[in-house]
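So the chains spell out like this:
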Amino acid sequence: MPRVTTVDEAWQRLESAAREPVLEQLRQAARGEPSRLWLHRWDEGMDPAAPAALPFLVALVRDPDRPNREELLHVLAHLVGVGRQEAAERRAPGWAAAWREHRTALEPLLADPDPKVRRTAGYLVERAAPLLARIPEETEPWLRFRQLRRLGEVADPTDDAARALLTDTLHGATGPDAAAHRLAALWGLAVLDAAEPERWADRWVAAVLDSAAPAAVERLWSEPGDDHPAALDREVAWTGRGLPPRLTPHLCARLARAAADAGRHELCAAALEAGWRPLLDLPSTGPLWLATAGALLSSPAPEVRYWAAAFLAVLGPAAAPYADALHARLDDTDNDDGFLDGSAGDQARWALARLGDPRVLPDLVERLREPERENGRSYDTGGPRRPEPYDALLPLQGHAAVLRPQVAEWAREGESHAWPDHHPGIRLLAAWDGTADVPEPPADPEEAARGLIRTPPVRRSYEDPAPYRLGTRAVAELSRRGRLSPGVRAAVEHALSLDRRLSWLSDYRAVLDDERLREVLRRALRGEAVTVPPLSHLDELDFEVGH
């Protein structure tokens, strides 16, 4: 696709590649009329017309006199973000090539007179050179911070100019705003050297804990006109979304410990919040958090205790050394944060259930059902929440003698909020008894098992779960027929080697299902005849997704 630089040229190419209603939406956008550009849908992913629409959108946002320019920039930024986070080629073939060709046309926007345009341009830029040219000229401190961090993200670690600019900022920071400048530089350097996560960790933690940092950050990093001034703890909490996922736990586990020791509980909680998403996504991060989460159970801050108990619940069997400390928190009902679901006591109860601790079994079903009786929950969808009873109870088949009467009573009382059409208590009893419906094995289990080799190294948005769901079922089927073939063994070893959850879900269920599927694959490799156990409630309800 040749580079197009004008709206007319872009439209000519677009007309031959896109269909209505996308064309009409883009016509409205070009006329400056209110429109809804459906180039990406949350439930479907990127529209196939997006590659053809990209040069047209680029041409529109380059026009400084366009009245809806800011709106179109947001559309473009969202589209680019989707393209970065998932394999856009699966749904919009040609997107990667189109973006590579046209992305440099947006770099001049880094010098746009409008700071909001410069802010979005900083997110869109993917080369160090334009940032190196812009940062010394930037007059808005809140933008300069973002540009320094972005420089660390896009520059090559061998880029001497980028490293020099960041280190000069670090060492040259003086005056009342020095704390914010140092922190901005260290943020960029930590990302630049993400492959060496310990290199800047101590200095980054020290910069965050600098007593002058909160006031300097609020003064320098607050966007003019924003009703919510920049706050250091929120900036830290957002690192989990902005830093490379394998860097975040190295920085934030260290910060959580240091902040707790310093009595900076708001920063301790922010560090835990930042580390939550990588913990769910990357099995390798668990050991980094175990001792820290265990120690923080005794924090004087309710929010810190909540996060610590939630971390230990996710860590599961590894949390066994902290069983008594978790038991001591069962009556901890303090919750000062309306966005957290439940209390530290609820998370501690689930952590103990994950351990099969007999002390929580007598009233476990009753306590797990409490969210069903509430008029909705109040929680951040990206944060911890109380588990659905089915998910928490499913692994406890060995304790069925104690739990079965509680589950039977639950099932008799009627439908639940979670599964209005098929009571989870009934499904749970069937799973324990081995009478749950089992999907038919794949028609060609050898081919399906070899499909595990296609499991991507990171979880993607709108990910097709077939490679690991269907593949694990196929491996189980083959394990009952005899020895696995070399090709299947290689595919299984590939899936087990990945530092990701074998699940397309993004909450605690990803951890539970990953544990179960990995155990099936490991046992099959050892030559055992295995079956795939029931998985989390949404997976079981929508099993056809994996077919």
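Residues numbered from 1 in each chain as written. Predicted model: local features only at pLDDT ≥ 70, side-chain atom pairs only at ≥ 80, totals over all residues. Heavy atoms only, no water.

## So, the overall build of the chain
Each helix and strand counted, the chain has 30 helices and 2 strands in total. Just so you have it, the chain exposes about 24,000 Å², and 51% of that area is on carbon and sulfur atoms. (Helix = DSSP H or I, 4+ residues; strand = E, 2+ residues; numbered from the N terminus. Areas by Shrake-Rupley, 256 points an atom, 1.4 Å probe, with all protein chains shown as cover.)

## Details of the nonpolar core
Burial of nonpolar side chains together is a common tendency in soluble globular proteins. In terms of nonpolar packing, the biggest core is built from 139 residues, with L151, W204, W221 and L393 touching the most fellow members. If near-sequence neighbours (up to four positions away) are discounted, L393 is found in contact with L364, V365, L368, L403, V407, W410, L428 and W432. Counting 25 residues, the second largest nonpolar core, distinct from the first, contains Y468, A476, L484 and V530. (Core = buried A, V, L, I, M, F, W, Y, C linked by side-chain atoms within 4.5 Å. Buried < 20%, exposed > 50% of the residue type's maximum accessible area, 1.4 Å probe, protein only. Contact = heavy atoms within 4.5 Å.)

## Details of the pattern of salt bridges
With the rule as written, the count across this model stands at 42 salt bridges. Across the salt bridge formed by R66 and D63, the nearest N and O atoms sit 3.6 Å from each other. The class of R66 is buried, set by a relative accessible area of 14%. Here R246 makes a salt bridge to D499, at a shortest N to O gap of 3.4 Å. Note that R246 is positioned in the loop between α14 (239–242) and α15 (248–261) and D499 in the loop between α28 (486–497) and α29 (508–525), a separation of 253 residues in sequence. Judged by its relative accessible area of 40%, R246 falls in the partly exposed class. Exposure remark for D499: the relative accessible area of 18% places this residue in the buried category. Each of the salt bridges in this network shares a partner with another, and the network as a whole consists of R163, D193, E196 and R199. (Salt bridge = Lys/Arg side-chain N within 4 Å of Asp/Glu carboxyl O.)

## Some details on the packing of aromatic side chains
Aromatic rings considered in pairs are described by the distance between their centres and by the relative angle of their planes. Under the criterion given, the structure shown has 10 aromatic pairs. Relative to F311, the ring of W289 has its centre 4.8 Å away and its plane inclined at 65°; by these criteria the two rings are edge-to-face. Of this pair, W289 sits in helix α17 (residues 286–296) while F311 sits in helix α18 (residues 302–315); the two residues are 22 residues apart in sequence, bridging distant segments of the chain. The exposure class of W289 is buried, given its relative accessible area of 0%. Of the residues examined, F311 reaches a relative accessible area of 0% and is grouped as buried. Here the aromatic rings of Y306 and W307 are separated by 6.5 Å at their centres, their planes lie at 85°, and the arrangement is edge-to-face. We note that Y306, like W307, is buried. (Phe/Tyr/Trp six-rings, centres within 6.5 Å; stacked < 30°, edge-to-face > 60°.)

## Considerations on the environment of A443
One can find A443 in the loop between α25 (424–433) and α26 (445–450). In this structure, the C-alpha to C-alpha distance between A443 and A474, residues 31 residues apart in sequence, is 9.2 Å.

## Section: the confidence of the model for the chain
The pLDDT averaged across the chain works out to 88; a share of 88% of its residues lies at or above 70. A low-confidence stretch, residues 539–547 stays under pLDDT 50, and its non-local contacts, those more than four residues away or across chains, total 21 contacts. (pLDDT = per-residue confidence, 0-100.)

## A look at helix α10 (residues 178–192)
Over its 15 residues, α10 runs 21 Å from end to end, which matches the ideal 21 Å to within 8%, given 1.5 Å per residue. Among the 15 residues that make up α10, 13 are buried, leaving the element largely enclosed by the rest of the structure. (Expected span 1.5 Å × (residues − 1).)

## What to know about helix α24 (residues 400–412)
With 13 residues, α24 should cover 18 Å at 1.5 Å per step; its first-to-last C-alpha distance of 17 Å lies within 8% of that length. Those residues of α24 hidden inside the fold are in contact with α21 (364–368), α22 (370–373), α23 (389–393) and α25.

## A short note on the side chain of S503
Mapped onto the elements of the fold, S503 is located in the loop between α28 and α29. In this structure S503 comes out as buried when scored by relative accessible area, which is 2%. Among the polar contacts listed, one links the side chain of S503 to the backbone nitrogen of L505, at a separation of 3.0 Å. (Polar contact = N/O pair within 3.5 Å; in protein donor to acceptor, adjacent residues only side chain to side chain.)

## Structural notes on the side chain of T169
You can see T169 is positioned in helix α9 (residues 160–172). Reaching out from T169, the side chain makes a polar contact with the backbone oxygen of L165 at a distance of 2.8 Å. Residues within four places of T169 in sequence aside, it is in contact with R144, L148, H181 and A185.

## Side note on the environment of A411
Locating A411 in the fold gives a position in helix α24. On the basis of relative accessibility, which here comes to 18%, the residue A411 falls in the buried class. C-alpha separation for the pair A411 and L429, spaced 18 residues apart in sequence, amounts to 9.4 Å. Every residue in contact with A411, bar those within four places of it in the chain, is listed here: H423, G425 and I426.

## Quick word on the environment of T139
Position of T139 among the secondary structure elements: in the loop between α7 (128–134) and α8 (141–154). C-alpha of T139 to C-alpha of P115: the two residues are 24 residues apart in sequence and 9.4 Å apart in space. Aside from chain neighbours lying at most four places away, what touches T139 is R118 and R134.

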